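Remarks on the overall topology
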Amino acid sequence: MAGSYPPPSLGHIIDEVLLPDVNTTINLFGIHLRRVSGSWDYPMHEHSQFEINYLLEGEQLMKVEGAALHQQAGDLMVIRPGQTHASRSANGQPFTYFCIHFSIDDPLFLSMLGRLQQTLFHRDSPLTRQVEPLLARLIGITRLAGTATMAQRMRLHSAIFDLFGALWEAVSQEADTLAASYEKAELAHQIRSRLQGLASQHFKQGIPLERHYGIDDIAAELGISTSHCSRVFRQVYGTAPRAYLSELVLQEAKVLLSNSLLSVEQISSVLGYKDIAHFSRQFKRWTGSSPSGYRRQHAQVEEEST
């Protein structure tokens, strides 16, 4: 069967922008702007729709899936279908809130909502800041509900789609940020694990801890540059990879120095230093004390504690 809008004869099109068909269905339930007294106490319940709850004035205590969430003016909540929740005043004083219940059949939009990692978004969060102007527009339309007309209903639908568009952008940005943070943390963890293995290898084999301390090799194994390796590690752990490796060596040196059966020269060799003088200079630079001086201090502390 031919479509309702057959294409023009070939050869007539000069330029064209063709949008995809829009078949999304949105159902809105119980949109309301409500001011309640300090004794307000809505019992625990759940529903099959999403709920957007925006606090205009006062303080609300929302209990969601057993977690108590303190909502203040300007804060936003997004409650998923099936989540049990209850509401009351957080301070015994009146409060005003705006609420939207909705369902939507768009699988991409539902997938996006599923990426939300939290329920409460404070007023200064990127997501709340992005959707607040659209919520204000919806609240303004709701205040005129007593004079609702077809034009007002169309404006309501327009405002809802604008709100969902802003919500999509905000959640996408947040999810991308979270994903990037997770990837960065995971990479830094891999670097740290390799540094620990590298230190252990040096200790067991007495390999000299010299030139680049193996950082270049670790970066190459992970398929990144040495500078990126150092930058990511510093961002996550607050120190450079070489400094972290030095800390591992220092910790091992202190453990070995606490063993009086080992000479400083033997410890120097175990840690991979080419001579005792090199180890002594490095240890003093780290601690302000020579290896022998640290050993005496440690022995004195041990003696006093017994």
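Computed from a predicted model, the values in this text were never measured in an experiment. (Residues numbered from 1 in each chain as written. Predicted model: local features only at pLDDT ≥ 70, side-chain atom pairs only at ≥ 80, totals over all residues. Heavy atoms only, no water.)

**Focus on the overall build of the protein chain**
- Across its full length, the protein chain holds nine helices and nine strands.
- Counting all 306 residues of the protein chain, 36% fall into the buried class.
- A separation threshold of at least 6 residues defines the contact pool for the protein chain, and within that pool the share at least 24 residues apart is 71%.
- Total accessible area computed for the protein chain in this model is approximately 18,200 Å², and 53% of it derives from carbon and sulfur atoms. (Helix = DSSP H or I, 4+ residues; strand = E, 2+ residues; numbered from the N terminus. Buried < 20%, exposed > 50% of the residue type's maximum accessible area, 1.4 Å probe, protein only. Contact = heavy atoms within 4.5 Å. Areas by Shrake-Rupley, 256 points an atom, 1.4 Å probe, with all protein chains shown as cover.)

**A short note on helix H8 (residues 276-287)**
- For H8, built from 12 residues, the straight-helix expectation of 16 Å at 1.5 Å per residue is met to within 8% by its first-to-last C-alpha distance of 16 Å.
- All buried positions along H8 are accounted for by His 278, Phe 279, Gln 282 and Phe 283. Seen end-on, H8 carries its buried residues on one side only, within an arc spanning 125°. Facing away from the buried side of H8, by more than 90 degrees, are the exposed residues Arg 281 and Arg 285.
- One side-chain oxygen at the N-terminal end of H8 lies 3.2 Å from the backbone nitrogen of Ala 277; it belongs to Asp 275.
- Following H8 by one or two positions, Gly 288 has its phi on the positive side, about 85°. (Expected span 1.5 Å × (residues − 1). Arc of directions from axis to C-beta. Polar contact = N/O pair within 3.5 Å; in protein donor to acceptor, adjacent residues only side chain to side chain.)

**Overview of the pattern of salt bridges**
- With the rule as written, the count across this model stands at three salt bridges.
- Salt-bridge contacts for Arg 35 lead to Glu 57; the nearest nitrogen and oxygen are separated by 3.2 Å. Note that Arg 35 is positioned in strand S1 (residues 26-36) and Glu 57 in strand S3 (residues 50-57), a separation of 22 residues in sequence.
- A relative accessible area of 54% means that Arg 35 is categorised as exposed.
- Assessed through its relative accessible area of 42%, Glu 57 is described here as partly exposed. (Salt bridge = Lys/Arg side-chain N within 4 Å of Asp/Glu carboxyl O.)

**Describing the sheet that holds strand S6 (residues 76-79)**
- Taken in spatial order, the five strands of this open sheet run S1-S8-S3-S6-S9, and their pairing is antiparallel. Two strands lie at the open edges of the sheet, namely S1 and strand S9 (120-121), each paired on one side alone.
- Across the face of the sheet, helix H1 (residues 107-114) comes into contact with S3 and strand S8 (95-104) while running at roughly 135° to S8. (Pairing = 2+ DSSP bridges. Axes fitted to C-alpha atoms, helices over the stretch in contact; angles between N-to-C directions.)

**Some thoughts on the packing of aromatic side chains**
- Under the criterion given, the structure shown has 11 aromatic pairs.
- When the ring of Phe 102 is compared with that of Phe 164, the centres are 4.7 Å apart and the planes differ by 50°; the resulting orientation is tilted. On the criterion of sequence distance, the pair formed by Phe 102 in strand S8 and Phe 164 in helix H3 (residues 150-205) is long-range, its members being 62 residues apart. Here Phe 102 and Phe 164 have matching classes, each one buried.
- Look at Phe 233 and Tyr 237: their rings are 4.8 Å apart centre to centre, the planes differ by 40°, and that puts the pair in the tilted class. With Phe 233 and Tyr 237 both in helix H5 (residues 226-237) and four residues apart, the pair spans about one turn of that helix.
- By relative accessible area, Tyr 237 is classed as partly exposed at 31%.
- An aromatic cluster is present here, built from Phe 50, Phe 102, Phe 109, Phe 164 and Trp 168 joined pairwise through their rings. (Phe/Tyr/Trp six-rings, centres within 6.5 Å; stacked < 30°, edge-to-face > 60°.)

**Brief notes about unusual backbone geometry**
- One non-glycine residue with positive phi stands out, namely Glu 65, at about 50°.
- Within the fold, Glu 65 resides in the loop between strand S4 (59-64) and strand S5 (67-72).

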